[in-house]
Amino acid sequence: GDSVTQMEGPVTLSEEAFLTINCTYTATGYPSLFWYVQYPGEGLQLLLKATKADDKGSNKGFEATYRKETTSFHLEKGSVQVSDSAVYFCALGGIIQGAQKLVFGQGTRLTINP
Amino acid sequence: EPEVTQTPSHQVTQMGQEVILRCVPISNHLYFYWYRQILGQKVEFLVSFYNNEISEKSEIFDDQFSVERPDGSNFTLKIRSTKLEDSAMYFCASSDQEQPQHFGDGTRLSIL
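Let me sum up the structure you'll find in this document. (Residues numbered from 1 in each chain as written. Chains lettered and ligands numbered in written order. Predicted model: local features only at pLDDT ≥ 70, side-chain atom pairs only at ≥ 80, totals over all residues. Heavy atoms only, no water.)

Description of the nonpolar core
If you look at soluble globular proteins, the nonpolar side chains tend to sit buried side by side. Trp35(A), Leu47(A), Leu48(A), Phe73(A), Leu75(A) and Tyr88(A) are the most contacted members of the largest nonpolar core, which totals 27 residues. Of all the secondary-structure elements, those providing two or more residues to this core are β2 (11-14), β3 (19-21), β4 (23-26), β5 (32-38), β6 (44-50), β8 (62-65), β10 (86-96) and β12 (108-113) of chain A. Counting residues per element, this core draws most heavily on β10(A), at four residues. Sequence-distant contacts of Leu47(A), that is, excluding residues within four places in its chain, are made with Trp35(A), Tyr36(A), Val37(A), Asn59(A), Lys60(A), Phe62(A), Leu75(A) and Tyr88(A). Formed by 22 residues, the second largest nonpolar core is a distinct cluster that contains Trp34(B), Phe75(B), Ile79(B) and Ala88(B). (Core = buried A, V, L, I, M, F, W, Y, C linked by side-chain atoms within 4.5 Å. Buried < 20%, exposed > 50% of the residue type's maximum accessible area, 1.4 Å probe, protein only. Helix = DSSP H or I, 4+ residues; strand = E, 2+ residues; numbered from the N terminus. Contact = heavy atoms within 4.5 Å.)

As for the side chain of Ser72(A)
Residue and element names in this part refer to chain A. You can see Ser 72 is positioned in the loop between β8 and β9 (75-77). Overall, Ser 72 belongs to the buried group, its relative accessible area being 4%. Polar side-chain contacts of Ser 72 include one of 2.8 Å to the side chain of Thr 70. With residues near it in sequence (within four places) discarded, Ser 72 still touches Cys 23, Thr 24, Tyr 25, Leu 33, Thr 65, Tyr 66 and Arg 67. (Polar contact = N/O pair within 3.5 Å; in protein donor to acceptor, adjacent residues only side chain to side chain.)

Quick notes on the pairing of strand β6 (residues 53-57) of chain B
Note that strand β5 (residues 43-50) of chain B and β6(B) share four bridges and pair antiparallel. Paired with Tyr50(B) across the two strands is Glu53(B), which belongs to β6(B). (Pairing = 2+ DSSP bridges.)

Focus: the state of the cysteines
This structure, assessed with the given rule, holds two disulfides over all chains. What pairs with Cys23(A) in a disulfide is Cys90(A), and their sulfur atoms sit 1.9 Å apart. Handedness of the Cys23(A)-Cys90(A) disulfide follows from its S-S torsion of about -70 degrees: it is left-handed. Within this pair, whereas Cys23(A) is found in strand β4, its partner Cys90(A) is found in strand β10, the two being separated by 67 residues in sequence. Note that Cys23(B) is cross-linked by a disulfide to Cys92(B), the S-S spacing being 2.0 Å. Judged by the torsion about the S-S bond (-65 degrees), the Cys23(B)/Cys92(B) disulfide is left-handed. Residue Cys23(B) is found in strand β3 (residues 19-24), and its partner Cys92(B) is found in strand β9 (residues 88-95); the two are separated by 69 residues along the sequence. Like Cys23(B), the residue Cys92(B) is buried in the burial classification. (Disulfide = S-S within 2.5 Å.)

Let's talk about the sheet that holds β9(A)
Residue and element names in this part refer to chain A. Spatially, β3-β9-β8-β7 is the arrangement adopted by the four strands of the open sheet, whose pairing is antiparallel. Every other strand in the sheet has two partners, leaving β3 and β7 (56-59) as the edge strands with one partner each. In this sheet, adjacent strand axes meet at a mean angle of 15 degrees when their direction is disregarded. (Axes fitted to C-alpha atoms, helices over the stretch in contact; angles between N-to-C directions.)

Topic: the interface of chain A and chain B
Listed per partner, the contact involves 21 residues of chain A and 19 residues of chain B. A buried area of about 1,800 Å², summed over both sides, lies between chain A and chain B, and 57% of it is on carbon and sulfur atoms. The interface formed by chain A and chain B holds one salt bridge in total. Between Glu56(B) and Lys101(A) there is a salt bridge, and its shortest N-O distance comes to 3.8 Å. Applying the counting criterion to the chain A and chain B interface returns four residue pairs in polar contact (both at pLDDT 80 or more). Elements with a contribution of two residues or more to the side of chain A that touches chain B: β5, β6, β10 and β11 (99-104) of chain A. Residue contributions to the side of chain A that touches chain B peak at five residues, all from β11(A). (Buried area = accessible area lost by both parts, 1.4 Å probe. Salt bridge = Lys/Arg side-chain N within 4 Å of Asp/Glu carboxyl O.)

Below, the structure written as structure tokens:
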């Protein structure tokens, strides 16, 4: 079945460091790919998405490119802030009759120190 | 911005009891979902619901689970006879057709 593998956490960086969180997937067909973020005490929020190969999703300085040849969707940010501390989830989604089932990776906890 | 709301935020229940988790999806959304996250594990899909019926369910969603949209606004998940292993965070989500899902803040279910 479909699956998502994320880089193991936790990840701890200093403010203004470069961030990469790796995500690879296994899927039949051509899923959409997502990054969700969960801040402490809150639910999952969509951070960015890409719906087809070579699409780049971006939001709040974060970027990820849908790479079909390497089945990857790595999350990057050039300069992280303390407020980026959260758990990040990579997910893939397939549409069945309009409804979309999301398959999540295990999540990566990111801590940014001032 | 409209949001998905879930109640209660924390539910403590004795093993074997029935529990109902409630969700109010975003008002113009047509697709509704439940996911769960056992502590330290992945977020797992349970069920999707459209047009007053289940469109897909996972192996986790056995006969102990049911979903209902009792009126025009609420979407509920019922666990008929809770087990210790049902302890988890349960997330409700909703979406427009083929659009990303919006999640609620979750209900933490603790089974004693």
